[in-house]
Amino acid sequence: GVIDLDLEVYPGEVFGYLGPNGAGKTTTIRLLLDLIRPSRGRAVMLGGDPRADGPRLRREIGYLAGDPALYRKMTGRQLLSYLGHLRGMDGLGPAEQMAGRLDLDLERPIGDLSRGNRQKVALVQALMHSPRLLVLDEPTAGLDPLMQREFYRLVAEAKAEGRTVFLSSHVLSEVERIADRVGIVR
């Protein structure tokens, strides 16, 4: 479990959350997103309680899970259209352009994609609705070095637009490259 964690992430910053495997990074994220419930303590995100204000907060958050579960029979286009519809978007919005930047074929079934390409689909779905807060758990896992660079550009663009990024990683060089501040859990 995560014990005595106290951290604050400021609006418009890229906050790197570092720690070794098993330290509690993903558990922290799941607590923040109300995917699991704490036995004590509280979290405030975007001025709200993750449990009480869940529907409002989910509209303003883009989440990339460490091991994303995607509908494997859908194509990338079908999945992104479906998720865009759930978010009240008209069509794919910027998802098509992001897919192009990441060299992602949206016409292939997700189940036929490599791990890296599935990661790209998950990354696009987290970013496509221009959320105020991006919560990214090990976002570059499975991405080749060229796509990692493109990911860093996407994060820099989100920051330039005033959006906040909470990025979990165990790769120090990655966090050093893009984070404004760092929190370490062990």
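Residues numbered from 1 in each chain as written. Predicted model: local features only at pLDDT ≥ 70, side-chain atom pairs only at ≥ 80, totals over all residues. Heavy atoms only, no water.

Chemist: Just to check I follow, could you spell out the overall build of the protein for this structure?
Modeler: For the protein, the helix and strand inventory stands at 7 helices and 5 strands. Listing every helix and strand of the protein by position from the N terminus yields β-α-α-β-α-α-α-β-α-β-α-β. In terms of C-alpha radius of gyration, the protein reaches 16 Å, essentially the compact-globule figure of 16 Å for 186 residues. Dimensions of the protein along its principal axes, counting C-alpha atoms only, are 45 × 35 × 30 Å. In the protein, which comprises 186 residues, the share counted as buried stands at 45%. Of the contacts formed within the protein by residues at least 6 apart in sequence, a portion of 70% connects residues at least 24 apart. Carbon together with sulfur atoms contributes 49% to the accessible area of the protein, which is approximately 10100 Å² in total. One way to put it: in the protein the 26 positive side-chain charges average out to a point 3 Å from where the 24 negative ones average out. (Helix = DSSP H or I, 4+ residues; strand = E, 2+ residues; numbered from the N terminus. Rg over C-alpha atoms; globule rule 2.2 N^0.38 Å. Buried < 20%, exposed > 50% of the residue type's maximum accessible area, 1.4 Å probe, protein only. Contact = heavy atoms within 4.5 Å. Areas by Shrake-Rupley, 256 points an atom, 1.4 Å probe, with all protein chains shown as cover. Lys, Arg positive; Asp, Glu negative; His and termini not counted. Charge placed at Lys NZ, Arg CZ, Asp CG, Glu CD.)

Chemist: For this particular structure, what's the right way to read the pattern of salt bridges?
Modeler: For side chains bearing opposite charge, pairing can occur when the charged atoms are close. All told, the structure shown has 13 salt bridges when counted by the stated rule. A salt bridge links Arg-101 to Glu-150, with the nearest nitrogen and oxygen atoms 2.6 Å apart. Of the two residues, Arg-101 sits in helix α4 (residues 95-101) while Glu-150 sits in helix α6 (residues 145-160), which places them 49 residues apart along the sequence. Looking at Arg-101, the relative accessible area reads 24%, which means it is partly exposed. Of the charged contacts, one joins Glu-157 and Arg-101 as a salt bridge, the two residues approaching to 2.8 Å between their closest N and O atoms. With Glu-157 in helix α6 and Arg-101 in helix α4, this pair connects stretches of sequence that are 56 residues apart. Connected via shared salt-bridge partners are Arg-101, Glu-150, Arg-153 and Glu-157. (Salt bridge = Lys/Arg side-chain N within 4 Å of Asp/Glu carboxyl O.)

The values are spatial; any link to function lies outside them.
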